[in-house]
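Okay, here's what each chain looks like letter by letter:
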Amino acid sequence: MNYLRRFSRERQIWLISLPIILWVLVFSYFPMYGLIIAFQNYVPGQTMFGNWVGFDNFIRFFQEPDFWMIMRNTIVISMLNLLIGFPAPIILALLLNEVRNRAFKKTIQSLSYIPYFISWVVVASIAFTLLGNDGIINDLLQRFGFIHNPIQFLGEGKYFWAILTSSNVWKDVGFSSIIYMSAIAGIDREQYEAGKVDGLGRFGLAWHITLPGIRSTIVLLFILALGGILNAGFEQQLLLGSPTTRDYYEVIDTYVYRFGVQFGNYSYGTAVGLMKSLIGLTLVIVANKLSKRYMQTAIF
Amino acid sequence: MNERSTTIPQRLFDIVNVVVLLLFGIIMAYPFLNLLALSLNDGADAARGGIYIFPREFSLDAYKLLLQNDKLLEGFGWSVLRVAVGTVTCLFVTGLLAYIVSIRHFSGRKFMRVLFLVTMYFNGGLIPIYLLMVNLKLTDSFNVYWIPTLISAYYMLLMSSYISELPDALFESARIDGASEMKIYLSLVIPMSLPVFAAVSIYSAVGHWNAWFDVVLYNSSGHFDTLQVYLRRLLLEVEASQQIMDQQLLFQKFKSMTPLTLRAATTIFVTVPILLVYPFLQKYFIGGLTIGSVKG
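Here the structure is a predicted model, which is why all the values come from computation and not from measurement.

## Some words on the overall build of chain A
Looking only at helices and strands, chain A features 16 helices and zero strands. In terms of overall size, chain A is more extended than a compact globule, its C-alpha atoms giving a radius of gyration of 25 Å where 300 residues would be expected to give roughly 19 Å. Along the first, second and third principal axes, the C-alpha set of chain A runs to 70 × 70 × 40 Å. Evaluated residue by residue, chain A yields a buried proportion of 33% over its 300 residues. When contacts within chain A are restricted to residue pairs at least 6 apart in sequence, long-range pairs at least 24 apart make up 68% of them.

Written as structure tokens, this is what we have:
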């Protein structure tokens, strides 16, 4: 009775909620349920109840001739992003923090955020221009006599990882530094005063106060980055890669798109994607446990 | 840290630091300046190379060609429509949800919050979502640009953290006066939450403007190609040459147009709207980021 009365009082709100709930069930929860086709041999037009094949689709991935190439690319690209892309914004934030001229600092910060807001298509266009036959890179290399003929940077696989990592860093470094800048701003000023009394110079202050002050932010973001280790990027690979560089750009996500969607292997593609998500989830949980034990910091 | 550094290593560090950051700033800005210079240069001349941040032989041909190119204008039209419809609908519905989960006496408040928070961490992945769109007949239609993006859990968090700070008594007295929840939302909540609505609308608009892959995935027919898809095609040399030839046949001019300058001009054309809203972006996104990191 109590519930009924309550419900009738909130009738209006529930009425508004209903279509919203319906939307989220259809667009977010139904696709989660749709993951079961990973264990089937799903053919479009058929219901999602028949043709169970167990783990066949998962096993098939391991037996693919391309399996090692895809895993290598995914892990190498992620590792490069982690090794270079993760510390870059921290270094940028530390350097910016040492700038005394506010106008200069603001200008550099403003410039550094712009690439984050442009599309990957535009970034690809920039890469094509800078790395083209008469782009600045070939131009400088020729002018200084390192090479005699322009290099087809985007046509050769051996350059792909470097190009991809540079593009990722260029696009994200400024924006990612914001969170470290605000963490640095949150450090107690008195600590710096105390440090100065103790005779610390600027390097000492940066090393003994600023860095420890943002340690927990670094650890949290690192755990999240570990969880995304199999997210090696997607649009950038499709836009910067070409058939001649496939051996270097194909990662799990692009493989799921190509084999799953374009070739219509829906069940197989779903299985590969699901496996990737489960590994990512496991990595976050393990990293979180380790950081809770050794660094006393955790995201959950 | 406002005292002047006295030791030589520290002063040296200051100089090195400024030089390094200056170089960094140049790396960030140069690609845009280079594209601008190329787009404003004569095509045949640009093909000789050596253009950096100033055009050598000034020419507006590339932009003239753009403005007469039906495919580009059509792409621009779809992009603008997508941004407008996608942003307005997302803002209205997500804002409504944010209001509902901020009503203190609403018994389903927690349930609704959790229902959406879960979607921030789990999703069905590329293929189940793709199959859903196919089954709902959303592929090959304009609707795929706004229906799947109606609600964002992240925006809900941003908006509800703002709305729940508003004085509750105001809504309560409106309720007593017999105003419906929808009326309260429209005539009280929205006008009082304009800053957060503005911030979210800019995020959403930039997202819609930049979207590329969902167009490729769902609207491969080419009937609803946005500007980003058009630019992507120009990255392929053959396609760019073809576009130029078509225009040359049509208008008997643009003799010295090259794929390089056409691509540069199109890239600038696609980027300028982002740069126009950039001051607003900068004003709002830092606040949004910090709220997100606390609540998320």
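From this point on, the discussion continues.
## Side note on the overall build of chain B
Per the secondary structure count, chain B includes 14 helices and zero strands. Along its sequence from the N terminus, chain B presents helices and strands in the succession α-α-α-α-α-α-α-α-α-α-α-α-α-α. Relative to its length of 296 residues, chain B is extended, with a C-alpha radius of gyration of 25 Å against a globular reference of 19 Å. Each of the three principal axes of chain B carries a C-alpha extent, and together these read 75 × 70 × 35 Å. The 296 residues of chain B split such that 41% are buried. A separation of at least 24 residues holds for 71% of the contacts in chain B among residues at least 6 apart in sequence.

## Things to note about unusual backbone geometry
What is expected of a backbone is that most residues other than glycine have negative phi and most peptide bonds are trans. Residue and element names in this part refer to chain B. Positive phi values are uncommon outside glycine, yet Lys-137 reaches one of about 60 degrees. Among the structural elements, Lys-137 can be located in the loop between α6 (126-135) and α7 (153-163). Residues other than glycine seldom take positive phi values, yet Asp-140 does so here, at roughly 55 degrees. As for its placement among the helices and strands, Asp-140 is situated in the loop between α6 and α7.

## Re the interface of chain B and chain A
Across the boundary between the two partners, chain B contributes 68 residues, which contact 63 residues of chain A. If you tally residues by element for the side of chain B that touches chain A, the top one is helix α14 (residues 259-295) of chain B, at 13 residues. When the residues that make up the side of chain B that touches chain A are grouped by side-chain class, the tally is 44 nonpolar, 21 polar and three charged.

## Looking at the packing of helix α4 (residues 70-100) of chain B against helix α10 (residues 194-210) of chain B
All names here are of chain B. The N-to-C vectors of α4 and α10 enclose an angle of 140 degrees; their axes lie 9 Å apart at closest approach. Looking at the two axes, α4 sits oblique to α10. Note on packing geometry: the crossing formed by α4 with α10 is right-handed. Each of Ser-79, Arg-82, Val-83, Gly-86, Thr-87, Cys-90, Leu-91 and Gly-95 in α4 lies in contact with α10, whose residues at this interface are Phe-197, Val-200, Ser-201, Ser-204, Ala-205, His-208 and Trp-209. Taken together, the residues of the contact of α4 with α10 sort by class into seven nonpolar, seven polar and one charged.

## Considering helix α9 (residues 181-192) of chain B
Listed in full, the buried residues belonging to α9 of chain B are Glu-181, Tyr-185 and Val-189 of chain B. End-on view of α9 of chain B: buried residues confined to an arc of 45 degrees, all on one side of the axis. Facing away from the buried side of α9 of chain B by over 90 degrees, the exposed positions are Ser-187 and Pro-191 of chain B. For α9 of chain B, the secondary structure elements touched by its buried residues are α2 (11-33) of chain A together with α4 and α7 of chain B.

## Overview of the environment of Ala-38 of chain A
Residue and element names in this part refer to chain A. If you trace the backbone, Ala-38 turns up in the loop between α2 and α3 (56-63). With 228 residues separating them along the chain, Ala-38 and Tyr-266 place their C-alpha atoms 8.1 Å apart. Not counting residues within four places of it along the chain, the set of residues in contact with Ala-38 comprises Asn-57, Ser-267, Thr-270, Ala-271 and Leu-274.

## Thoughts on the nonpolar core
The biggest cluster of nonpolar side chains holds 113 residues, and the ones touching the most others in it are Ala-124 of chain A together with Ile-100, Met-156, Met-159 and Val-200 of chain B. If we ignore the near neighbours within four places in the chain, the residues touching Ala-124 of chain A are Leu-239 and Leu-240 of chain A together with Leu-235 of chain B. Counting 13 residues, the second-largest nonpolar core is a separate cluster that includes Leu-92, Ala-93, Ile-179 and Ile-214 of chain A.

## Regarding α7 of chain B
Of all 11 residues in α7 of chain B, eight are buried; the element is thus mostly enclosed. Here α7 of chain B has its buried residues at Tyr-155, Met-156, Leu-157, Leu-158, Met-159, Ser-160, Tyr-162 and Ile-163 of chain B.

## Digging into the confidence of the model for chain B
All names here are of chain B. Per-residue confidence for chain B gives a mean pLDDT of 88, with 91% of residues at or over 70. Confidence, expressed as mean pLDDT per element, reaches its minimum in chain B at helix α13 (residues 237-251) with 71 and its maximum at α4 with 96. Low confidence marks residues 291-296, where pLDDT is under 50. Its contacts with residues over four positions away, or in another chain, come to nine contacts. Prediction confidence for the complex, expressed as pTM and ipTM, is 0.91 and 0.90 respectively.

## Concerning the confidence of the model for chain A
Atomic detail in the predicted coordinates should be set aside for any region of low pLDDT. The predicted model of chain A has a mean per-residue pLDDT of 91, with 99% of residues at 70 or higher. When pLDDT is averaged over each element of chain A, helix α5 (residues 87-97) of chain A comes out on top at 96 and helix α1 (residues 2-9) of chain A at the bottom at 74.

Definitions and cut-offs
Residues numbered from 1 in each chain as written. Chains lettered and ligands numbered in written order. Predicted model: local features only at pLDDT ≥ 70, side-chain atom pairs only at ≥ 80, totals over all residues. Helix = DSSP H or I, 4+ residues; strand = E, 2+ residues; numbered from the N terminus. Rg over C-alpha atoms; globule rule 2.2 N^0.38 Å. Buried ≥ 20, exposed ≤ 12 C-beta atoms within 10 Å, placed from the backbone. Contact = placed C-beta atoms within 7 Å. Nonpolar A, V, L, I, M, F, W, Y, C, P; charged D, E, K, R; others polar. Axes fitted to C-alpha atoms, helices over the stretch in contact; angles between N-to-C directions. Parallel < 35°, antiparallel > 145°, perpendicular 65-115°, else oblique. Left-handed = near helix turned anticlockwise from the far one by under 90°. Arc of directions from axis to C-beta. Core = buried A, V, L, I, M, F, W, Y, C linked by C-beta atoms within 7 Å. pLDDT = per-residue confidence, 0-100.

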